[in-house]
Amino acid sequence: MYEGEIASVLVTEQQIQDKINELAKQIAVDYARDGVHCDLLLVGVLKGAVMFMTDFARALPMPTQLEFMAVSSYGSATSSSGVVRILKDLDRDIAGKHVLIVEDIVDSGLTLSWLLKNLASRNPASLEVCSLLRKPDAVKVDVPVRYVGFDIPNEFVVGYGLDYAERYRDLPYIGTLDPKVYSS
Ligand code: XMP
Ligand code: MG
């Protein structure tokens, strides 16, 4: 698949699945009081977080409910501007709920900091973030990402939900693209 278009594999399928199990165990502990789990509402950010969201929800040893939001940040294909528009809002009120935002990647952190403010204004009982990937620039801005799968180098990545021009989302691993893909 995608013969010759992937330059390198940054995170393998096995590494992703192992990390998801590790995060799921930790989160199940963090969201329990006296051995009783609270109801957790996962908010997945479309479309990039879809693969992570579905694997993660099934790995969590506790009941969860799934919601999705789609946002678009004005900017070029490979970088965001921080001006965010809601393409699809949540279907439900999150007031009083324990909300965990499930993200594919935090890059500049601009999208996420906007999303955090937006969801916090709806008065959830708690609000945290779990992102599969994080890039170095994200560490510079003040976005509290409680759970991170992998810190990766500052390169554009695809796979496992992440796309370039809507392609490569279906890859089971995270990789970088061959430069020829950008120039064609
Ligand atoms: P910011 O910069 O606001 O970016 O943290 C968040 C959103 O930008 C997308 N993004 C990427 N998508 N490969 C992708 O396919 C990347 O390397 C990448 N970096 C950022 C992504 O949608 C993320 O939620
Ligand atoms: Mg995204």
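Reading guide: rules and limits
In this numbering scheme, every chain counts its residues from 1 along its sequence in written order. Here the convention is simple: chains get letters from A, ligands get numbers from 1, in the order in which they are written. Local features in a predicted model are, by the rule used here, given only for residues with pLDDT of at least 70; side-chain atom pairs are given and counted only at 80 or more, and totals for whole chains, interfaces and linings are based on all residues. Note on pairing: two strands pair once DSSP finds at least 2 bridges between them. Helix and strand definitions follow DSSP, with helices as H or I runs of at least four residues and strands as E runs of at least two, each counted in order from the N terminus. With axes taken as lines fitted to C-alpha atoms, and helix axes fitted only over the stretch in contact, angles between N-to-C directions fall between 0 and 180 degrees. The contact rule is simple: place each C-beta atom from the backbone, and if two of them lie within 7 Å, those residues are in contact. Throughout this description, any angle smaller than 35 degrees is read as roughly parallel, any larger than 145 degrees as roughly antiparallel, any in the 65 to 115 degree range as roughly perpendicular, and the remainder as oblique. Rotating anticlockwise by less than a right angle from the far helix to the near helix defines a left-handed crossing, while the corresponding clockwise rotation defines a right-handed one. Charged residues are taken to be Asp, Glu, Lys and Arg, nonpolar residues to be Ala, Val, Leu, Ile, Met, Phe, Trp, Tyr, Cys and Pro, and polar residues to be all remaining types, Gly included. Known as pLDDT, the predictor's per-residue confidence is scaled from 0 to 100.

A. Focus on the sheet that holds strand β6 (residues 84-88). One open sheet accounts for six strands, arranged β6-β5-β4-β7-β8-β9; its pairing is mixed. Among the strands making up the open sheet, the edge pair consists of β6 and β9 (147-151). Sheet twist, expressed as the mean angle between neighbouring strand axes with direction ignored, is 30°. This element, helix α1 (residues 13-30), spans β8 (126-134) and β9 of the sheet and lies at about 160° to β9.

B. Highlighting the packing of α1 against helix α2 (residues 50-59). It is the contact of α1 with α2, at a shortest axis distance of 9 Å, that shows an interaxial angle of 55°. When the interaxial angle is binned, α1 and α2 end up oblique. Crossing of α1 over α2 shows right-handed handedness. Every residue of α2 that contacts α1 at Ile20, Asn21 and Ala24 is listed here: Asp55, Phe56 and Ala59. For the contact of α1 with α2, the class distribution of residues is four nonpolar, one polar and one charged.

C. Molecular detail of the confidence of the model for the protein. In the predicted model, the protein carries a mean pLDDT of 92, and the fraction of residues at 70 or more is 95%. Here the prediction assigns the complex a pTM of 0.93, and the interface score ipTM is 0.92.

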